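Now for the letters of each chain:
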Amino acid sequence: MFDDKKLWRDRIGVRVKELNRYLRYIFNGHLVIVLIFLIGSGAYYYQQWIEALSSNFPAEIIMAIILGLFLAYSPVYNYLLHADQVFLLPLENQLRGYFRWSKISSFIFQGYILLLVLAVLMPMYVKVSGTNYRLFFPILFLLLVIKAWNLAVSWHITYFVPSSVHRSDMIVRYFVNATFSYLLLKQANFLVLLSIGFIMMIYYYFFHSRTKEIGLKWDLLIEQEEKRMASFYRLANLFTDVPKLKDTVKRRKWLDLFIRGISFSKEKTFLYLFSRTFLRSSDYLGLFVRLTIIGSLAINFISFGLGQLLLIILFLYLTGFQLLPLWNHHQNKLWVDLYPVDPKHKQNAFQFLLMVIMTIEAVFFAFMLSIKGEFLYALAGFIVGLMFNWIFVYFYSKNRLKF
C-alpha cells in the first residue's frame, strides 16, 4: 500500500543530506572568516547608524517594504523529481499528506528566516518609535499568521498555468502584506487590522474554490523545484564541482563591444573564450554586477575612515574568489582540449581577464568614495585595490587553482 508520509520522509532526508554535503564546502576555509568579518562590521556600522536616527525617520515604511517582500515570497518546497510526473501522477489523490508536510516544512524554514529579518529590523523600530522589545513576539506572531496565509494562497496559485496569474497574485499579495505590516507597526486600531485579515480570507477562499476541481500542474511544480535547486547548485559550484548543475547562457549581443578588440590570434584564443563565457553566463556576470552594486552602496552609506578600505578589499576578495570557477567552466568539453594552443596562454588569459574585472570593480569603489568627497580615501582605496588584485590574481589564484 502506498505510504505518502514515508515518501515525504525519504525525500526530505535525501534533500537534507544533499544540502549538508555541499554546505560543508561552502562554509569552509576562508569564507567563514570573511562572513564573520562582514557580519561583525555590518553589525557595528548598523548600530552606529541606528544611534544617529531621529524620531521622524520612516522606520515603519522601510520595515513594511522589506517585510512585505519576505512575506509575499512564500513558495512551497515540494521536493518533487522530474520522473514524478509519470510515476506519481496516478497517485495524486493519495498525496495530500505528502503536500501537507511540505507546507509545514516550508512554513518552519521561512518562518525562521522571517524571525531573523524582524530581529535585525527591530532595533531600528524601537529607536524611532520609542517602544520597547516586548512588542517583538506579538508582532512576530501576527507576521507568522500572515506568512501562513501567503503559503496557502501561493499553493493554490500553482494550479494555474498562465504566468500572468502568478505575477498578478505576487503584486496583490505584496501590497496587502506591506500595508498590513505598516499598520501593525504603527499600532493601528485592531478593527482595521481585522478588516484587512477579512479581505485576506476572501482572497484565499476565491482561489481555494477555483481550484477544488483542478488537478495539480506537475510540470510547473517540478520546474519551480528545479529552479530553486539550480540556484543552490550555482552557489555550491563556486566552491566545488556540482555534477547536477546545468549551464545557462544568454546571447547579450549588446555586450559584444567589449570583446571586439580581441584579435583572432592563437595567443588570444582563451581570452576570447573566457570573455565570452563571462559575458554570456548569468552566474559570472550577474555575480559581478550584484557584488559591485552591493559593495558600492556599503562603501557609500555604512562605512567611514579605514573601514572603507577594508570593505573594498572584502568585496574584491568575494568577487575574485567567486569568479575562480570560470577557469574550470569548460573542463568537461573535449573540443577545448583540442585547441593547438600552448597551455600557458590559457593561464595568462584567465589571469589577465580576472585582473581586468577586479580592476573595474576597484574603479567603481573608488568612484563611490570620490562622490562622498573623500578624494584621499578614494585614491588610497584604488591603490590598495590594485595591490590586492595583483596579489590575488598572480599568487592566490595560482595556488588555489594549481596552474
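Everything numeric in this text was worked out from a predicted model, so none of it was measured. (Residues numbered from 1 in each chain as written. Predicted model: local features only at pLDDT ≥ 70, side-chain atom pairs only at ≥ 80, totals over all residues. Heavy atoms only, no water.)

*Asks:* How should I be thinking about the overall build of the chain in this particular structure?
*Replies:* On a plain count of helices and strands, the chain comes out with 15 helices and 0 strands. Restricting the contact set of the chain to residue pairs at least 6 apart, pairs at least 24 apart contribute 82%. Split by element, the accessible area of the chain, about 22,700 Å² in all, is 69% carbon and sulfur. (Helix = DSSP H or I, 4+ residues; strand = E, 2+ residues; numbered from the N terminus. Contact = heavy atoms within 4.5 Å. Areas by Shrake-Rupley, 256 points an atom, 1.4 Å probe, with all protein chains shown as cover.)

*Asks:* Looking at this structure, I do not really get the nonpolar core. What am I missing?
*Replies:* Inside soluble globular proteins, nonpolar side chains tend to come together where they are buried. With 52 residues, the main nonpolar core has Leu 80, Tyr 98, Leu 118, Ile 139 and Leu 143 as its most contacted residues. Every element with two or more residues in this core is listed here: helix H1 (4-26), helix H3 (59-72), helix H5 (96-129), helix H6 (136-157), helix H7 (163-185), helix H8 (190-210) and helix H9 (218-236). A per-element tally of this core places H5 first, with 11 residues. Once you skip the residues sitting within four places of it in the chain, Ile 139 turns out to touch Leu 118, Met 122, Tyr 125, Leu 184 and Leu 185. Formed by 42 residues, the second largest nonpolar core is a distinct cluster that contains Ile 262, Leu 271, Phe 392 and Leu 401. (Core = buried A, V, L, I, M, F, W, Y, C linked by side-chain atoms within 4.5 Å. Buried < 20%, exposed > 50% of the residue type's maximum accessible area, 1.4 Å probe, protein only.)

*Asks:* How should I be thinking about the confidence of the model for the chain in this particular structure?
*Replies:* The predicted coordinates of low-pLDDT regions are not to be read in fine detail. Model confidence for the chain is summarised by a mean pLDDT of 84, while 88% of its residues fall at 70 or above. Between the elements of the chain, mean pLDDT differs from a low of 66, seen in helix H13 (residues 334-337), to a high of 95, seen in H6. (pLDDT = per-residue confidence, 0-100.)

*Asks:* I'm lost on the packing of H3 against H5 in this one. Help?
*Replies:* Look at H3 against H5: their axes get within 10 Å of each other, and the N-to-C directions meet at 170 degrees. Put simply, H3 runs roughly antiparallel to H5. Residues Ala 59, Glu 60, Ile 62, Met 63, Ile 66, Leu 67, Phe 70 and Leu 71 of H3 lie in contact with H5, whose contacting residues are Ile 113, Leu 114, Val 117, Leu 118, Leu 121, Met 124, Tyr 125, Val 128 and Ser 129. Counted by class, the contact of H3 with H5 contains 15 nonpolar, 1 polar and 1 charged residues. (Axes fitted to C-alpha atoms, helices over the stretch in contact; angles between N-to-C directions. Parallel < 35°, antiparallel > 145°, perpendicular 65-115°, else oblique. Nonpolar A, V, L, I, M, F, W, Y, C, P; charged D, E, K, R; others polar.)

*Asks:* In this structure, what is going on with the pattern of salt bridges? I would like to understand it.
*Replies:* Side-chain pairing between opposite charges can occur once the charged atoms of the two side chains come close. Scanning all chains against the criterion turns up 6 salt bridges. Where Arg 173 meets Asp 169, a salt bridge forms, and the shortest distance between an N and an O atom there is 2.9 Å. Residue Arg 173 and its partner Asp 169 are located together in helix H7, separated by 4 residues, close to a single helical turn. Residues joined in a network through salt bridges with shared partners are Arg 15, Glu 225 and Arg 228. (Salt bridge = Lys/Arg side-chain N within 4 Å of Asp/Glu carboxyl O.)

*Asks:* Explain the layout of surface pockets to me, please; I cannot follow it from the model alone.
*Replies:* To locate leftover empty space, one rolls a probe as large as a water molecule over the atoms. In this structure, the second largest pocket encloses a volume near 730 Å³. If you trace the second largest pocket, you find 22 residues lining it, with Leu 19, Tyr 77, Phe 109, Gln 110 and Arg 228 closest to the centre. Looking at the lining of the second largest pocket, the elements with two or more residues in it are H1, H3, H5 and H9. In terms of residue count, the dominant contributor to the lining of the second largest pocket is H5 (7 residues). Split by residue class, the lining of the second largest pocket holds 16 nonpolar, 2 polar and 4 charged. (1 Å grid on protein atoms, 1.4 Å probe; cavity = no way out; pocket = protein on both sides within 12 Å on 5 of 7 lines; lining within 4 Å. Points joined across faces, edges and corners; volume = space filled by probe spheres on them.)

*Asks:* In this structure, what is going on with a positive patch on the surface? I would like to understand it.
*Replies:* Side chains of Lys 5, Arg 9, Arg 100 and Lys 103 sit close together on the surface and give a patch of like positive charge. Every element with two or more residues in the positive patch is listed here: H1 and H5. Relative to the elements of secondary structure, Arg 100 occurs in helix H5. For Arg 100, a relative accessible area of 44% gives the class partly exposed. (Patch = residues over 30% accessible without salt bridge, like charges linked within 9 Å, V, L, I, M, F, W, Y side chains within 5 Å. Lys, Arg positive; Asp, Glu negative; His and termini not counted. Charge placed at Lys NZ, Arg CZ, Asp CG, Glu CD.)

*Asks:* When you look at the environment of Gln 224 in this model, what are you seeing that I'm missing?
*Replies:* Mapped onto the fold, Gln 224 is located in helix H9. Residue Gln 224 is classed as partly exposed on the basis of its relative accessible area of 22%. Residues within four places of Gln 224 in sequence aside, it is in contact with Thr 158 and His 166.

*Asks:* Sorry, what's going on with the packing of aromatic side chains here?
*Replies:* Aromatic rings in a pair are described by how distant their centres are and how their planes are angled relative to each other. Per the counting criterion, the structure on display carries 30 aromatic pairs. Judged by centre distance (6.0 Å) and plane angle (50 degrees), the ring pair of Trp 149 and Tyr 203 falls under tilted. On the criterion of sequence distance, the pair formed by Trp 149 in helix H6 and Tyr 203 in helix H8 is long-range, its members being 54 residues apart. Given the relative accessible area of 7%, Trp 149 is considered buried. Three or more aromatic residues joined by ring pairs make a cluster, and in this case those are Tyr 98, Phe 99, Trp 155, Tyr 159 and Trp 218. (Phe/Tyr/Trp six-rings, centres within 6.5 Å; stacked < 30°, edge-to-face > 60°.)

*Asks:* Got a minute to help me understand the side chain of Glu 60 in this structure?
*Replies:* Among the secondary structure elements, Glu 60 is positioned in helix H3. No salt bridge is formed by the buried Glu 60; its nearest oppositely charged neighbour, Lys 186, is found at 4.5 Å. In contact with Glu 60, not counting residues within four places along its chain, are Tyr 125, Ser 129, Tyr 182, Leu 185 and Lys 186.

*Asks:* Please explain the environment of Ile 196 as it appears in this structure.
*Replies:* Along the polypeptide, Ile 196 turns up in helix H8. It is 8.0 Å that separates the C-alpha atoms of Ile 196 and Val 176, two residues lying 20 residues apart in sequence. The contact partners of Ile 196, leaving out residues within four places of it in the chain, are Val 176, Thr 179, Phe 180 and Leu 183.

*Asks:* What am I meant to see in the packing of helix H14 (residues 343-371) against helix H15 (residues 375-401) here?
*Replies:* Two quantities define a packed helix pair, namely the angle between the axes and the distance from one axis to the other. Put simply, H14 and H15 touch, their axes get as near as 9 Å, and they point 160 degrees apart. Relative to H15, the element H14 lies roughly antiparallel. Handedness of the crossing formed by H14 with H15: right-handed. Its residues placed into classes, the contact of H14 with H15 shows 19 nonpolar, 6 polar and 1 charged. (Left-handed = near helix turned anticlockwise from the far one by under 90°.)

*Asks:* Any chance you could explain H5 here in plain terms?
*Replies:* The α-helix advances 3.6 residues per turn, and as a result positions three or four apart in sequence lie on the same side. Along its length, H5 shows its largest kink, about 35 degrees, at Leu 121, and proline Pro 123 lies within four residues downstream of that point. Among the residues trailing H5, Gly 130 stands out with phi positive, at a value near 80 degrees. (Bend = angle between axes of the 7 residues up to and from the residue.)

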